[in-house]
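Chain by chain, the residues run as shown.
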Amino acid sequence: MGEIDEGLERAERTRPIPVHLNTRIKFLWEKVAKEDTAKLAQAAGVSQRTAQRWAHALKALAEGQLTGDIPMTKANAKKVEQAVRTAWQPRVKNRVRRQAEKSGFMLHIQGSFGFSSAGGSTDDPRPRMITQKMPGDVAKRLYEARDAGASQAQQEALLAEALRDHYFKDNGRRADGLDVELNDISWMDLEL
């Protein structure tokens, strides 16, 4: 998951996802799988036997027979985390997305930008810290790219194009012929 995906996800949540592994599995078990091991296996991307072990461990935890974390490989822990991120607060995500696509969002970014323009310009990256209100159509394009499985580089290209148009060119009022490339993101945050 890249910086842009993480920024969109952070902005969509009103509460952070559970931190503890046992709580994450319990959330998947109760809210997503509705206490069905086949659905738990499908949601987490593991075998049904693994899901059965987790369900048994959750029962042992509830009865006080197991203390500590449910035994799990690091790869499966990542799968569980991703499944929780996907299923966490679906109505809030939808509401925030609709609002962002309608009203836009505030972008805070620090990164290296390369520029090219008519004569005398340079494409040497220049570090910048930018705070810019972005319109709803940019949010819509970023969400559509994320939904289509766009890579971090493709999402950065969309963001660079939007920054070129709305920040550097000031919506067409200056810098005609300027092209902007986002070379590196140091950090980024979105307010929806």
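These lines cover the structure that appears in this document, whether it is placed above or below. If you're wondering where the values come from, they're calculated on a predicted model, not measured in any experiment.

Turning our attention to the pairing of strand S1 (residues 105-116). With 9 of its 12 residues buried, S1 lies for the most part within the structure. Sheet analysis places S1 next to strand S2 (residues 126-134), joined by 9 bridges and oriented antiparallel. Opposite His108, over in S2, you have Thr131 as the bridge partner. Note that S1 and strand S3 (residues 179-191) share 11 bridges and pair antiparallel. Paired with His108 across the bridge in S3 is Asp189.

Bringing the nonpolar core into the picture now. With 26 residues, the main nonpolar core has Leu107, Ile109, Phe113, Leu159 and Leu163 as its most contacted residues. Among the elements of the structure, helix H1 (3-12), S1, S2, helix H7 (136-147), helix H8 (152-168) and S3 are those that each provide at least two residues to this core. Membership of the second largest hydrophobic core comes to 21 residues, among which are Ala33, Ala55, Leu58 and Ala83.

Going through the model one piece at a time under the given rule, you end up with 3 aromatic pairs. A centroid spacing of 5.0 Å and a plane angle of 65 degrees characterise the contact between Phe27 and Trp88, whose relative ring orientation is edge-to-face. Within this pair, whereas Phe27 is found in helix H2 (residues 21-32), its partner Trp88 is found in the loop between helix H5 (74-87) and helix H6 (90-103), the two being separated by 61 residues in sequence. Relative to Phe168, the ring of Tyr167 lies with its centre 4.9 Å away and its plane at 90 degrees, an arrangement referred to as edge-to-face. On the basis of relative accessible area, Tyr167 is assigned to the partly exposed category, the value being 24%. A network of ring pairs unites the aromatic residues Phe113, Tyr167 and Phe168 as a single cluster.

Spatially, S2-S1-S3 is the arrangement adopted by the 3 strands of the open sheet, whose pairing is antiparallel. Every interior strand has two partners, whereas the edge strands, S2 and S3, have only one. In this sheet, neighbouring strand axes are inclined to one another by 30 degrees on average, regardless of whether the strands run parallel or antiparallel.

Before going further, it helps to examine the packing of H2 against H5. Orientation of H2 relative to H5, taken along the N-to-C sense of each, is 50 degrees, at an axis distance of 10 Å. In terms of their interaxial angle, H2 and H5 are classed as oblique. Helix-helix and strand crossings are classified by hand; for H2 and H5 the assignment is left-handed. Judged by residue contacts, Leu21, Arg24, Ile25, Phe27, Leu28 and Val32 of H2 engage Ala77, Val80, Glu81, Ala83, Val84 and Ala87 from H5.

Moving on, we come to the environment of Arg146. Relative to the assigned elements, Arg146 resides in helix H7. Each C-alpha atom of the pair Arg146 and Arg98 lies 15 Å from the other, and the pair is 48 residues apart in sequence. At a separation of 3.1 Å, a polar atom in the side chain of Arg146 contacts the side chain of Glu12.

How each quantity is defined
- Residues numbered from 1 in each chain as written.
- Predicted model: local features only at pLDDT ≥ 70, side-chain atom pairs only at ≥ 80, totals over all residues.
- Heavy atoms only, no water.
- Buried < 20%, exposed > 50% of the residue type's maximum accessible area, 1.4 Å probe, protein only.
- Helix = DSSP H or I, 4+ residues; strand = E, 2+ residues; numbered from the N terminus.
- Pairing = 2+ DSSP bridges.
- Core = buried A, V, L, I, M, F, W, Y, C linked by side-chain atoms within 4.5 Å.
- Phe/Tyr/Trp six-rings, centres within 6.5 Å; stacked < 30°, edge-to-face > 60°.
- Axes fitted to C-alpha atoms, helices over the stretch in contact; angles between N-to-C directions.
- Parallel < 35°, antiparallel > 145°, perpendicular 65-115°, else oblique.
- Left-handed = near helix turned anticlockwise from the far one by under 90°.
- Contact = heavy atoms within 4.5 Å.
- Polar contact = N/O pair within 3.5 Å; in protein donor to acceptor, adjacent residues only side chain to side chain.

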